[in-house]
Amino acid sequence: MTMPPAPAASQTHGGDKPSTAYRPDIDGLRAVAVLSVLFFHAGWPPFSGGFVGVDIFFVISGYLITGIILADIGKGRFSIATFYERRVRRIFPALYLTIALTTAGALALFAAVDLERFFESLAWLALFASNFYFADNSGYFDAAADQNAILQTWSLAIEEQFYVVFPLLLALLHKQRRVNVKWVILALALLSLAVSIYLVDRDARPAFFSTLGRVWELMVGALAAVGLYPHLRSTGTRSAVAFMGLLAIAGSLVLLTVNTPFPGAYALPACLGTVAIIWAGACGDSPVNRWLSWRPLVFVGLISYSLYLLHWPIFVFARYWNQGDLSIAQTSAALALAFAAAWLSWRFVETPFRKPATPVPRRRLFAGAISLMLAVGIAGIASAEWQRGRFSTGEKFIEAEKARALAEPCMLRDTQPFADWPAAKCKQGGRGAAIAVWGDSFAAHYFDAFRRYGRESDRPVILIAESSCPPIEGLSLPNRPGCASFNKGALALLQTERPPLVILSADWIVYEKKKTAAEMFEDKFELLSATIAKLRAGGSRILVIGPSPVFPAPVPQIAAGEKEGAGDSAKASFSRKFDLYFQELAKQGVIDYFPVYPLFCTPSAHCRYRQGAELLFWDSGHLTERGSEHVVDALTKSPAFSRQ
């Protein structure tokens, strides 16, 4: 996401020559875009489709920059050098600041594995090709993306790749008097849209980051600048067009989710809605354009570039430090910090460099920009290589995530409905008494070990999990709006299947730590008791796997600080509240209980994270395949499991 200089906005009237006139409503539209992205990243449920804010930016950028180029061409003063000088002044200063601050944060916080990935992505950013890196290494909505502090630069890379070619194309088409520019751009836009739909249908992850699949969004804006859309003379028509555009954007924000195959055709409403508002405003006044010109919105639009760049690393570092999702108070603090940092960047970095008191010669400006980006690229490559060889056991730690206990495809994302649960792949057959395992990711990391046990013992196994969703029917979590309906479906399935043994497991300590009133468990134990009672009423015996240790930092980071074989344990915590609750239920004969903490930890809370050269945890609490086998082997040999 980038923008040209704020005061310049192209304006066309049904094919007239573009003019430059400041439009505050476009800054307001930028505010809508950046706030949508921020609230989506904050995890606020109404903005489940907030990622379309980037698509809004693409349309705005295509409109503004095309108008600026056409205005210069029309006056006979267009210059590629001048165009790129504007881009450098607008884009590079805030980007350099973001790189510097993010690198400092990554060095201070990241574990070896995550630091290596960060430096790799930094090297790609230096070439404005980070979108290619992310297409190959993580999906935008994947868990791995949450730990990449420069993920937001994928959109910047797409724009810069586009603007390497597009100005030259416009200049060339201008010289070809027999060629109608608008029809060429329309044809290219339709071709790009077709590519996007095709890519999304094949594999949504690379499609999300594809330049060819995103170009049409910029060209939708460009088409408004070249005068494809007719002039709207009637105030009523302009108002209707702008209102329908706003409605299309709002619908995308609240109806789309991370499970929507995107971009493709699903990006059309937000893009067409954006250009409708721009088009209406270019032809005259309307209530929507006046509302978008509201001063607070315009201010947010002015700082939107810095806000977009800086908010993401703030969220990444906050979640990394917190070892999980942020509370509402923490999220609000992160947002406040992002706004403060963005204003400082806009006031003291963006504005002075865009309008310097003493102009820097163009040649020196280009030389400095290229040198700095080369330095970033070389530093990224060198640092990634250094990180790989930093520790004698470095390869083992880098591969820790590869050794994690996989749960696919039986653990759903936290936004997926229960209907997405793939029964055919998550119900394993057998002739013995069935076992069902239900919970969140701390149940899912046992799935492979239970699959293996089921095959070896010829027992049917049912595996059900959703990320960050404990197995408690009726529990409502503000940051996990789909959890309640998922658990309702899971309980209904288990009541129908009636497996003799239902095993419950979750990351209990996370839910114990929740701070908001809706997430406190002081009044939620009764919901868990009610869930257990419903399962028992169907004839199932309930076994609860107790809280497992959670380390203060990712285990690869802890282990990386140890010499080879010198250390295999560290201080860790676990949920004492849930442990005592489950012990009491076991004494009452309501459940069978298998405490996990003693398998790893001493009474002094020193917990083993490694067995020989193999790590037992791949992050701060999730088990590797070896760690999962260790727990399930002990569980299946315990009296709590074998009691009939």
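Attention in this report is confined to the structure presented alongside it.

About the criteria used
Residues numbered from 1 in each chain as written. Predicted model: local features only at pLDDT ≥ 70, side-chain atom pairs only at ≥ 80, totals over all residues. Heavy atoms only, no water. Helix = DSSP H or I, 4+ residues; strand = E, 2+ residues; numbered from the N terminus. Buried < 20%, exposed > 50% of the residue type's maximum accessible area, 1.4 Å probe, protein only. Contact = heavy atoms within 4.5 Å. Areas by Shrake-Rupley, 256 points an atom, 1.4 Å probe, with all protein chains shown as cover. Patch = residues over 30% accessible without salt bridge, like charges linked within 9 Å, V, L, I, M, F, W, Y side chains within 5 Å. Salt bridge = Lys/Arg side-chain N within 4 Å of Asp/Glu carboxyl O. Core = buried A, V, L, I, M, F, W, Y, C linked by side-chain atoms within 4.5 Å. Pairing = 2+ DSSP bridges. Phe/Tyr/Trp six-rings, centres within 6.5 Å; stacked < 30°, edge-to-face > 60°. Lys NZ or Arg CZ within 6 Å of the ring centre and 35° of its normal. Expected span 1.5 Å × (residues − 1). Disulfide = S-S within 2.5 Å.

**Some details on the overall build of the chain**
Each helix and strand in the chain was counted, giving 28 helices and 13 strands. Here the chain holds 644 residues, and the buried ones make up 57% of them. Here the contacts in the chain between residues at least 6 apart in sequence split such that 80% fall between residues at least 24 apart. Put simply, the chain shows about 26300 Å² of open surface, and 62% of that area lies on carbon and sulfur atoms.

**Considerations on a nonpolar patch on the surface**
A cluster of nonpolar side chains, Phe299, Trp343, Leu344 and Phe348, forms an exposed patch at the surface whose accessible area comes to about 380 Å². Per-element tally for the nonpolar patch: the top contributor is helix 15 (residues 328-354), with three residues. Along the polypeptide, Leu344 turns up in helix 15. By relative accessible area, which is 44% here, Leu344 ends up partly exposed.

**Some points on unusual backbone geometry**
Cis rather than trans, the peptide bond between Phe262 and Pro263 has omega equal to 10 degrees. With respect to the helices and strands, the residue Pro263 is situated in the loop between helix 10 (235-255) and helix 11 (268-283). You will see that Phe128, though not glycine, has its phi angle at about 50 degrees, which is positive. With respect to the helices and strands, the residue Phe128 is situated in the loop between helix 4 (112-125) and helix 5 (130-137). Classification of Phe128 by relative accessible area gives buried; the value is 13%.

**Considering the nonpolar core**
Grouped together as the largest cluster of nonpolar side chains are 117 residues, with contacts concentrated most on Leu95, Phe110, Trp154 and Ile185. Among the nonpolar cores identified, the runner-up in size contains 78 residues, and Tyr446, Leu494, Val555 and Phe617 belong to it.

**Section: the pairing of strand 8 (residues 541-545)**
Counting buried positions along strand 8 gives five out of five residues, so the element sits mostly inside the fold. Direction of pairing for strand 7 (residues 501-505) relative to strand 8: parallel, over a ladder of four bridges. Along strand 8, the bridge assignment pairs Val502 with Ile542. As judged from the three bridges shared by strand 8 and strand 10 (residues 592-594), these two strands associate in the parallel manner. Residue pairing for strand 10: Val544 is matched across the bridge by Tyr593.

**Regarding the environment of Ile381**
Along the chain, Ile381 turns up in helix 16 (residues 362-388). Taking the C-alpha atoms as reference, Ile381 lies 9.0 Å from Trp124; in sequence the two are 257 residues apart. If sequence neighbours within four positions are ignored, Ile381 has contacts with Phe119 and Ala123.

**Focus on the pairing of strand 6 (residues 461-466)**
Where burial is concerned, most of strand 6 is hidden: six out of the six residues are buried. By the alternation rule, side chains of strand 6 split into Val461, Leu463 and Ala465 and Ile462, Ile464 and Glu466, which are all buried. Relative to strand 6, strand 3 (residues 411-412) runs parallel, the two being bridged by two bridges. Among the inter-strand pairings, Leu412 is bridged to a residue of strand 6, identified as Glu466. As judged from the two bridges shared by strand 4 (residues 427-428) and strand 6, these two strands associate in the antiparallel manner. Among the inter-strand pairings, Gln428 is bridged to a residue of strand 6, identified as Val461.

**Concerning the pattern of salt bridges**
The full count for this structure, using the stated rule, is 19 salt bridges. Residues Asp55 and Arg214 are paired through a salt bridge, measuring 2.5 Å at the closest nitrogen-oxygen approach. With Asp55 in helix 2 (residues 53-74) and Arg214 in the loop between helix 8 (204-209) and helix 9 (215-225), the pair connects residues that are 159 residues apart, well separated along the chain. We note that Asp55, like Arg214, is buried. Salt bridges linked by common partners bring Arg452, Glu625, Arg626 and Glu629 together as one network.

**A closer look at the packing of aromatic side chains**
For the coordinates displayed, the defined rule picks out 38 aromatic pairs. Between Tyr581 and Phe582, the aromatic rings sit 5.4 Å apart at their centres with planes inclined by 50 degrees, giving tilted as the arrangement. A relative accessible area of 14% places Tyr581 in the buried class. Over the face of the ring belonging to Phe208 we find Arg214, whose NZ or CZ atom lies 4.6 Å from the ring centre. Its guanidinium or amino end placed over the ring of Phe348, Arg347 lies 5.0 Å from that ring's centre, counting from NZ or CZ.

**A short note on helix 14 (residues 304-322)**
Compared with an ideal rise of 1.5 Å per residue, which puts 19 residues at 27 Å, helix 14 spans 26 Å between its outermost C-alpha atoms and is within 8% of the ideal. Taken across its 19 residues, helix 14 has 16 buried, putting it largely inside the fold.

**What to know about the state of the cysteines**
Under the defined criterion, the tally for this structure stands at three disulfides. Put simply, Cys469 and Cys483 are joined by a disulfide, and their sulfur atoms are 2.1 Å apart. Handedness here is read from the sign of the S-S torsion; for Cys469 and Cys483, about 90 degrees, the answer is right-handed. Placement of the pair is Cys469 in the loop between strand 6 and helix 21 (483-497) and Cys483 in helix 21, with a sequence separation of 14 residues. Here Cys469 and Cys483 have matching classes, each one buried. Note on cysteine connectivity: Cys601 is disulfide-linked to Cys607, with sulfurs 2.0 Å apart. Between Cys601 and Cys607, the S-S dihedral sits near 110 degrees, and the bridge is therefore right-handed.

Everything listed here is a matter of geometry and, on its own, says nothing about what the molecule does.
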